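Close look at the chain arrangement
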Amino acid sequence: MQWETVIGLEIHVQLATQSKIFSGSSTAFGAEPNTQASVIDLGFPGVLPVLNEEAVRMAVKFGLAIDANIDEKSVFARKNYFYPDLPKGYQISQFELPIVGKGYIEITLEDGSTRVIGVTRAHLEEDAGKSLHEDFHGMTGIDLNRTGTPLLEIVSEPDLRSAKEAIAYLKQIHSLIRYLGISDGNMAEGSMRCDANVSMRPKGQKEFGTRAEIKNVNSFRFVEKAINFEVERQIDLLEAGGKVVQETRLYDSTKDETRSMRSKEEANDYRYFPDPDLLPVVLDPAYIQSVRDSLPELPHQKRHRFVEQFNLSAYDADLLSTERETAEYFETVATAAGDAKLAANWVNGELAGALNRDNLELAQSPVSAEQLVQLLKRIQDDTISGKIAKTVFEAMWNGEGDADQIIETKGLKQVSDSGAIEALVDEVITNSPSQVENYRNADDAKRPKMLGYFVGQVMKASKGQANPKQVNQILLRKLNS
Amino acid sequence: MTIERTDVQNAAHLARIAIDENSIDEFTQDLANILALVDQMQAVNTDNIEPMAHPTDAVQRLRPDQVTEVNQREHFQALAPATENGLYLVPKVIE
Amino acid sequence: MHNKTIAELSQGLSAGEYSSTELTQDFLRRISTLDKKYNSFITLTPEQALAAAELADQSRAAGNAGAFAGIPMAHKDIFCTNGIKTTCASKILDNFIAPYDATVVEKFKLAGAVCLGKTNMDEFAMGSSNETSFYGPVRNPWDTDCVPGGSSGGSAAAVAARLAPGATATDTGGSIRQPAALCGVTGLKPTYGRVSRWGMIAFASSLDQAGPIAQTAEDCAMMLNVMAGFDVKDSTSIDRAVPDYSQDLNNSLEGLRIGLPKEFFTDGLDPAIAQCLQAAVREYEKLGATVTEISLPHSDLSVPVYYVIAPAECSSNLSRFDAVRYGYRCDDPQDLEDLYKRSRGEGFGREVKRRILVGTYALSEGYFDAYYLKAQKLRRLIKEDFVKAYDEVDVIMGPTSPSTTFKLGEKTTDPVSMYLADIFTISTNLAGLPGMSVPCGFVDNKPVGLHVIGNYFDEARLLNVAHRYQQVTDWHQQTPEGI
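Please read all numbers here as calculations on a predicted model, not as lab measurements.

Things to note about the environment of Ser10 of chain C
All names here are of chain C. Its location among the elements puts Ser10 in helix H1 (residues 6–15). In the structure, Ser10 is positioned 58 residues away from Phe68 in sequence and 6.7 Å away in space, judged by C-alpha atoms. When near neighbours in sequence (up to four residues on either side) are disregarded, Ser10 contacts Arg60, Ala67, Ile71 and Met222. A distance of 2.8 Å separates a polar atom in the side chain of Ser10 from the backbone oxygen of Ala67.

Here is the structure:
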């Protein structure tokens, strides 16, 4: 049978506020245990929550960025359950009236095609603390520093049809929250966490199959692996005549598998009800407009503009617009160099490769946009070839100076002196009698391919510095005569 | 609505309250009496009436995003039944 | 000295007739000799009290003392007091030293008040007789075989026995007014949001409100002047100017429109209590008020609605007592589940458990709409009854309690009969309105309270109405035998 994968993601994003959502404690990551837990975070008797305005603003920003409904009124509710990292015995969340209603996100796949994925809702809530399971004489240690950190939970529609789409969606959210400056999206530190609902249905069937929820997968790669594992598992199960059970599963990255969480079959009854300590949040249209006015150009907007304005492929445009810094870097280079395609190739190619290799963020790049522009100009004015440019770029990356200095000190200037090139060409022709004969006996269709050998030899002899265009021209003239 | 022993046991589990076997019947009876009182509500038609969660019509005030709290861990943890290395200790949590 | 009101003590301190230290010593002495009989205090704080008294005496001497400086008083043990045991009369908080002050406590400190100690109460304010306290019941100074009412029974009894001239209290369904009535003292529950709830251990957050208990309306005004006000730490507190509640106490009642809800004066009301109320209403007519019968058609639903909303909120509010960060932890827990269940099972008393179970049940899947949502809708109808009534009248009057004080143990076996003790007070909490109980007579030497309900933020008028009555009656000046 042909199966269709149906995936919905619930993404928890920690909002980059200074203080917690309901208290004045710091949200900084990595502090000593329980040093950022006030009476409010610890759920002491008699304490009360007061809502952080920045958390609200960030949620609204996100909502506007995905064209979502922002209702005038939203309400906080209590989700009741006992867990040691949940000090009050309830989590303040939103249930019936979330701050962000229905919206959508456009994703770009590797083949350049785009899809629109629905976002059901996004709501504000407080994060829980952490349980540390290292052995404290058979006890578990509880650190409540993270308690009360504002979270935006973004719930997608079950619109995703493969792990690849899920990753594209996740990356798009990641890109968006960073553009908006509402989160650093750091998955390793838990600033962005993902639960995936996965189900299968026979292709063509309308009804959804039973879903399993995979909890808390903490990297893009693991999300993809966990979903792929889960899809395989469910197909195997269904094809063997079995049934998928609705359950929560944990992804174990060391074994690359998901497994059922040992849950006492008590079907969580969270007893949601409006939090009587908090009043309805009412946002007036002027406020929403002021947030809308503050929005930057968003990734999908940039992507479309890059395609239109710079004539880039959808794929290149997507790569360049994912990170705000990359997009800005690219635009600086493209504008100054006057050749967007060249700029795109360099930013997506050499630059991205070097950053990736050395595990650096763009902000840490040793080669600035202005420096890259100078290098590209030297390609454009034929001072160096594209190939030599890569050597120069490496030297720039290693801090040996800017493009002109390196070209000068290393003597990498392209040889455009036709006399010197002619001498080299003659030398190669003399030293390759059999190849020359073959070439001359070959028909026109085969000749261009065979020419490559001679070009290579001449370039080698020139230590790469000969102007390849001229080499081509002279070779053709001499060989064809 | 009638209330059974199992309802009381289920509520006691959700509320994480140990109730010894002998008291379950008493609690069941108490709850049945209370719910009989409460069930007077059902006589009134409340269609199209908006639920009221707060006595006032005020709306939520927002707090500026400022760190105002300082570390008082030792002070707070002096009150805790069990701590170690700044962590609160509980019996092993099995996931 | 102990029979003096706060207003009188304040004048005496100003006039230098006695020092705050002397006053404090006097009250502490009284408590140590008399409170064995009443059990109105859980914790005494003599050292802190004397230190505060000394400071107050110094500021009096320096001429920069406010009206409340040096006045001894007591806090209900529901308010967090920094460095002082704060128990909510529960075993689960028996070892809890609050690490911070409630806003109400802080305000009294700033006003220079001297806190003598923490008063007894029903466990987590759940009760109408003060019999659910882990620290034992409080006894009514008018008859020590009888209850003081609850949940603020300790505060009311302490004032009635003249162990403190005033005490803070809280009211979720009548917990200030009913004990005030049963102990023959004056108590005021302000409008919801008038007094900060920060540091006041929550029972039912949308109903809880703090207020004063004292001998007179005049003293209640002085206490409310200290307590009332907006608090940035409480999202439900209202940002609205606080009048000087002492200022309008003597306003004329000429033309005051009093409404008597026919639902409060049914055949079911004890005729002896009804007589006291009628006499009180006649006094008001003599003072120039007009009386009309009004209707609060949904008032019979207030007890059922309350016993869904209050338990629902409390079931969630009390989840934080989980033996992890503070409070009672059971011996030798086998696992996490055992830790939770036994700590809470052993730490909470029976009435608290009952209400947590009711609330948990009412919020659980399949019952939410029939109970919680239904109750919230009816709550609106109850509120609208009042809103409509205040188009026609200025204050509403009725009995505070359907009976005078009753014997200890009389109602403990039947929770529903206990719940009906608040039948006249609960609707004001549901609506969020201010209400007062004013002594208005005796039946068999047991005090009767007149319940006066005001419009939103109309505390000044309530206090005026009560004060003028107390100018022409002396019910509030009566003391139990031997006091």
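Now, onward.
A look at the packing of helix H2 (residues 21–38) of chain B against helix H11 (residues 350–363) of chain C
For any two helices packed against each other, the geometry is given by the interaxial angle and the distance between the axes. It is the contact of H2 of chain B with H11 of chain C, at a shortest axis distance of 10 Å, that shows an interaxial angle of 60°. Compared by their axis directions, H2 of chain B and H11 of chain C come out oblique. Crossing hand, H2 of chain B versus H11 of chain C: right-handed. Contacts between H2 of chain B and H11 of chain C involve Ser23, Glu26, Phe27, Asp30, Leu31, Ile34 and Leu35 of chain B on the former and, on the latter, Arg350, Lys353, Arg354, Leu357, Val358 and Tyr361 of chain C. Taken together, the residues that form the contact of H2 of chain B with H11 of chain C break down as 7 nonpolar, 1 polar and 5 charged.

Describing the interface of chain C and chain A
Listed by partner, the interface residues are 39 residues for chain C and 32 residues for chain A. For chain C, the biggest contributors to the area lost against chain A are Ser235, Arg320 and Arg325 of chain C; these three give 21% of the whole. Note that Arg197 of chain C is salt-bridged to Asp277 of chain A, the shortest N-O span being 3.0 Å. Sort the elements by how many residues they give to the side of chain C that touches chain A and helix H9 (residues 302–317) of chain C lands first, with 4 residues.

Points about the side chain of Asn145 of chain A
Residue and element names in this part refer to chain A. Here Asn145 shows up in the loop between strand S9 (139–143) and strand S10 (150–156). Among the polar contacts made by the side chain of Asn145, one reaches the main-chain amide nitrogen of Gln36 at a distance of 2.7 Å. Contacts of Asn145, omitting those with residues within four sequence positions, involve Lys20, Ala31, Glu32, Pro33, Asn34, Thr35, Gln36 and Ala37.

Some thoughts on the pairing of strand S6 (residues 209–214) of chain C
Residue and element names in this part refer to chain C. Taking burial as the measure, the 6 residues of S6 include 6 buried ones, the bulk of the element. The pairing of strand S4 (residues 166–171) with S6 spans 6 bridges and is antiparallel. Counterpart to Ala167 in the pairing with S6 is Ile213. Examined bridge by bridge, strand S5 (residues 186–189) and S6 share 2 bridges and lie antiparallel to one another. Within the sheet, the bridge partner assigned to Thr186 lies in S6 and is Ala214.

Here's the deal with empty space enclosed by the protein
For the coordinates displayed, the defined rule picks out 4 cavities of 30 Å³ or more. Considered as a void within the structure, the largest cavity measures approximately 100 Å³ in volume. Of the residues in the lining of the largest cavity, the class split is 8 nonpolar, 2 polar and 5 charged. In this model, the second largest cavity occupies a volume close to 70 Å³. Every residue along the wall of the second largest cavity is listed here: Pro45, Gly46, Val47, Leu48 and Asp277 of chain A together with Met200, Ile201, Ala202, Asn317, Arg320 and Phe321 of chain C.

Some words on the packing of helix H13 (residues 433–441) of chain A against helix H14 (residues 447–461) of chain A
Residues and elements named next belong to chain A. Viewed as axis vectors pointing N to C, H13 and H14 meet at an angle of 165°, and their least axial separation amounts to 10 Å. When the interaxial angle is binned, H13 and H14 end up roughly antiparallel. Along this stretch, H13 crosses H14, giving a crossing that reads as left-handed. Between H13, through Gln435, Val436, Asn438, Tyr439 and Arg440, and H14, the contact on the second element is made entirely by Arg447, Met450, Leu451, Tyr453 and Phe454. In terms of residue class, the contact of H13 with H14 is built from 6 nonpolar, 2 polar and 2 charged.

Thoughts on the packing of aromatic side chains
Under the criterion given, the structure shown has 35 aromatic pairs over all chains. Centroid distance Phe321 of chain C to Tyr326 of chain C: 6.1 Å. Interplanar angle 80°. Geometry classified as edge-to-face. For the pair Phe321 of chain C and Tyr326 of chain C, one class covers both residues: buried. Of the aromatic side chains, those joined through ring pairs into one cluster are Phe44 of chain A, Phe76 of chain B together with Phe96, Phe124, Phe321, Tyr326 and Phe348 of chain C.

Details of the nonpolar core
Core analysis: the biggest nonpolar cluster contains 194 residues, and Phe44 of chain A together with Phe68, Phe124, Tyr284 and Leu463 of chain C have the highest contact counts within it. With residues up to four places along the chain from it excluded, the contact list for Phe124 of chain C reads Cys88, Ser90, Ile92, Leu93, Ile201, Phe203, Leu318, Phe321, Phe348 and Val352 of chain C. In this structure, Leu109, Phe222, Val231 and Ile288 of chain A belong to the second largest nonpolar core, which totals 68 residues.

Side note on the interface of chain B and chain C
Taken together, the contacts link 53 residues of chain B with 67 residues of chain C. Between chain B and chain C the total buried area reaches about 5,400 Å² when both faces are included, carbon and sulfur atoms providing 69% of it. The largest per-residue losses of area from chain B upon contact with chain C belong to Met41, Met52 and Arg61 of chain B, which jointly make up 14% of the total buried on that side. Here Lys383 of chain C and Asp57 of chain B are joined by a salt bridge, their closest N and O atoms 3.9 Å apart. Across the chain B-chain C interface, the total number found is 16 residue pairs in polar contact (both at pLDDT 80 or more). The set of elements that each furnish at least two residues to the side of chain B that touches chain C consists of helix H1 (5–14), H2, helix H3 (73–77) and strand S3 (87–91) of chain B.

What to know about the layout of surface pockets
Residues and elements named next belong to chain A. Taken as a whole, the second largest pocket spans an internal volume of roughly 1,500 Å³. Lys171, His174, Phe220, Thr322 and Glu323 are the residues nearest the centre of the second largest pocket, which is lined by 39 residues in total. Broken down by secondary-structure element, the contributors of at least two residues to the lining of the second largest pocket are strand S6 (103–108), helix H2 (163–180), helix H3 (220–239), helix H6 (314–321), helix H7 (324–337) and helix H8 (340–357). The element best represented in the lining of the second largest pocket is H2, accounting for 7 residues. A breakdown of the residues in the lining of the second largest pocket according to their chemical character gives 16 nonpolar, 13 polar and 10 charged.

Quick look at the pattern of salt bridges
A full pass over the atoms with the stated rule returns 58 salt bridges over all chains. In this structure, the salt-bridge partner of Arg16 of chain B is Glu337 of chain C, at a minimum N-O distance of 3.7 Å. One end of the pair, Arg16 of chain B, is in the loop between H1 and H2; the other, Glu337 of chain C, is in helix H10 (residues 336–347), on a second chain. Taken together, the shared-partner salt bridges connect Glu26 and Asp30 of chain B together with Arg350, Glu351, Arg354 and Arg355 of chain C into one network.

Criteria and thresholds
- Residues numbered from 1 in each chain as written.
- Chains lettered and ligands numbered in written order.
- Predicted model: local features only at pLDDT ≥ 70, side-chain atom pairs only at ≥ 80, totals over all residues.
- Heavy atoms only, no water.
- Helix = DSSP H or I, 4+ residues; strand = E, 2+ residues; numbered from the N terminus.
- Contact = heavy atoms within 4.5 Å.
- Polar contact = N/O pair within 3.5 Å; in protein donor to acceptor, adjacent residues only side chain to side chain.
- Axes fitted to C-alpha atoms, helices over the stretch in contact; angles between N-to-C directions.
- Parallel < 35°, antiparallel > 145°, perpendicular 65-115°, else oblique.
- Left-handed = near helix turned anticlockwise from the far one by under 90°.
- Nonpolar A, V, L, I, M, F, W, Y, C, P; charged D, E, K, R; others polar.
- Buried area = accessible area lost by both parts, 1.4 Å probe.
- Salt bridge = Lys/Arg side-chain N within 4 Å of Asp/Glu carboxyl O.
- Buried < 20%, exposed > 50% of the residue type's maximum accessible area, 1.4 Å probe, protein only.
- Pairing = 2+ DSSP bridges.
- 1 Å grid on protein atoms, 1.4 Å probe; cavity = no way out; pocket = protein on both sides within 12 Å on 5 of 7 lines; lining within 4 Å.
- Points joined across faces, edges and corners; volume = space filled by probe spheres on them.
- Phe/Tyr/Trp six-rings, centres within 6.5 Å; stacked < 30°, edge-to-face > 60°.
- Core = buried A, V, L, I, M, F, W, Y, C linked by side-chain atoms within 4.5 Å.

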